[in-house]
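# Structural overview for review
Next come the chains, spelled out residue by residue.
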Amino acid sequence: MKLLAIVSFAAAVAISGSAFGQSACRIQRQEVFQPQGKRVVLATAAGAQAGDQFVLFRSQLRVNTDGAPNSYHPDDLKGSTKAINNIANGVAVTRGDKGVGYAQTIKVFGDFRDNNWTVPGGYKITWQNVLAARNAGNGSIPCVFAAGDHRGYFGSLTALKNGLSGGAAGECEVANQLDERFIPALVIAGGSNPLKHFQVAIGDLVLAVNPENGVVEAAVVGDQGPPDNLGEGSVALNMALLQRTNQPTNYAEAKQLDTGSRQMIVAIVPGSASYKLERPYSVDNIGRRVAAWLAEHHYGSLAGFAGLMKACAGQL
């Protein structure tokens, strides 16, 4: 399986030399993301016009692999040797109205696999929002690649799609998903939260900054995750922000792409999902769209806007 190193559209753009100062940031509204006590603001630059707002927050970014065709494997549920994720991160197992723990999730899903995709009695398994499905006559079962480089792996899904269908979508609709190994994407919190209140949606444009090393990376909102975590970054986004070049080959290596205690600064443009839309999504067309939006709204360069983001983050 040959994996190419990510080439970031905006990798290693320095934040220094910004045209914006501390006073340039104007916070219009703010709310607290209660599960983590993090402030989320709706902001603009001084003198900005209607429609120039962006949503901004600071957060650690856990890594997310969904959409990558090597995310999950039925013979490697823990992600020890083949899969770059753990199946317990992608499915939910409940008994009655209560979720079960990690070990039980692995066991029950393994029984599900071993019993020809029949759910063990007394349990419910929610998998269709993360694993691709195929028709099995009496219902849907997880789609496993029968051919190609990722033969044997589960197809993995993202909420944001590439607009492909039929044969163009490929087996398990793999080509219609964001391959998060190579597409910089942000996963936002599910449920009711400040991001939703500020009208952030799947597909919106993103700019993320690592204030420690000066890297600025353009991205899109590609999915939503659990309601207790403000943000996750795709493999590609976190690799760019952390200046890593080696793709993970198992779950332990993928976990090393979590930003840990390092807080990234993230700006999202609400309502921008259809702005100069190009699909399938790529590093280059995402970068072009973000740069075009900044220019159209008089924010200047990526580096200049990153300076404004730092000014706003200083008020959080």
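First, a word on what this report is: a plain description of the structure on this page. Note that the coordinates shown come from a computational prediction; the quantities given were computed from them, not determined experimentally. (Residues numbered from 1 in each chain as written. Predicted model: local features only at pLDDT ≥ 70, side-chain atom pairs only at ≥ 80, totals over all residues. Heavy atoms only, no water.)

## Some points on the nonpolar core
Stated precisely, the cut-off is as follows: The definition of a nonpolar core used throughout is a set of buried Ala, Val, Leu, Ile, Met, Phe, Trp, Tyr and Cys residues joined through side-chain atoms within 4.5 Å. Accessibility here uses a 1.4 Å probe with only protein chains present; expressed as a share of the type maximum, an area under 20% marks a residue as buried, one over 50% as exposed, and anything in between as partly exposed. Counting from the N terminus, the helices are the DSSP runs of H or I reaching at least four residues and the strands are the DSSP runs of E reaching at least two.
Membership of the largest hydrophobic core comes to 35 residues, with the highest contact counts inside it found for Phe 54, Leu 56, Phe 305 and Leu 308. Residue assignment for this core shows that the elements contributing at least two residues are β2 (38–45), β3 (54–59), β11 (205–210), β12 (215–225), β14 (264–269), α5 (283–296) and α6 (302–313). For this core, the element with the most residues is α6, which contributes eight residues. If you look at the next biggest cluster of nonpolar residues, it comprises 23 residues, including Val 40, Leu 186, Ala 208 and Val 221.

## Focus: the pattern of salt bridges
For clarity, the cut-off: When a carboxyl oxygen of Asp or Glu is within 4 Å of a side-chain nitrogen of Lys or Arg, the pair counts as a salt bridge.
For the structure on display, the rule yields six salt bridges. A salt bridge links Arg 181 to Asp 179, with the nearest nitrogen and oxygen atoms 2.6 Å apart. Between Glu 278 and Arg 288 there is a salt bridge, with the nearest N and O atoms lying 2.8 Å from each other. Pair noted here: Glu 278 is in the loop between β14 and α5 and Arg 288 is in helix α5, with a separation of 10 residues, a long-range link. Residue Glu 278 is classed as partly exposed on the basis of its relative accessible area of 29%.

## Observations regarding the packing of aromatic side chains
Aromatic ring pairs: the centre-centre distance and the angle between the two ring planes describe each pair. Heads up, the rule is: Any Phe, Tyr or Trp ring, taking Trp's six-membered ring, that has another such ring centre within 6.5 Å forms a pair; planes under 30 degrees apart are called stacked, those over 60 apart edge-to-face, and the others tilted. Here, a charge over a ring means that NZ of Lys or CZ of Arg falls within 6 Å of the ring centre while also lying within 35 degrees of the ring normal.
Applying the stated rule across the entire model yields nine aromatic pairs. Where Phe 109 meets Phe 112, the ring centres are 5.4 Å apart and the plane angle is 70 degrees; that geometry is what we call edge-to-face. Taken together, the residues Phe 109 and Phe 112, both in helix α1 (residues 102–114) and three residues apart, mark about one turn of the helix. Each member of the pair, Phe 109 together with Phe 112, is buried. Ring pairs connect the aromatic residues Phe 54, Trp 293, Tyr 299 and Phe 305, which therefore count as one cluster. Over the face of the ring belonging to Tyr 123 we find Arg 95, whose NZ or CZ atom lies 4.7 Å from the ring centre.

## Quick notes on the sheet that holds strand β5 (residues 92–95)
To be explicit about the condition: Strands are labelled as partners when DSSP assigns at least two bridges between them. We call two residues in contact whenever any of their non-hydrogen atoms come within 4.5 Å of each other. To obtain each axis, a line is fitted to C-alpha atoms, and for helices this fit is confined to the stretch in contact; angles are then taken between N-to-C directions over 0 to 180 degrees.
The antiparallel open sheet is built from three strands, whose spatial order is β6-β5-β7. Each edge of the open sheet is held by one strand with a lone partner, namely β6 (98–99) and β7 (123–126). Sheet topology places β5 next to β6; two bridges connect them, and they run antiparallel. If you follow Arg 95 over to β6, its bridge partner there is Lys 98. The sheet strands contacting α1 are β5 and β7, and the helix crosses β7 at an angle near 90 degrees.

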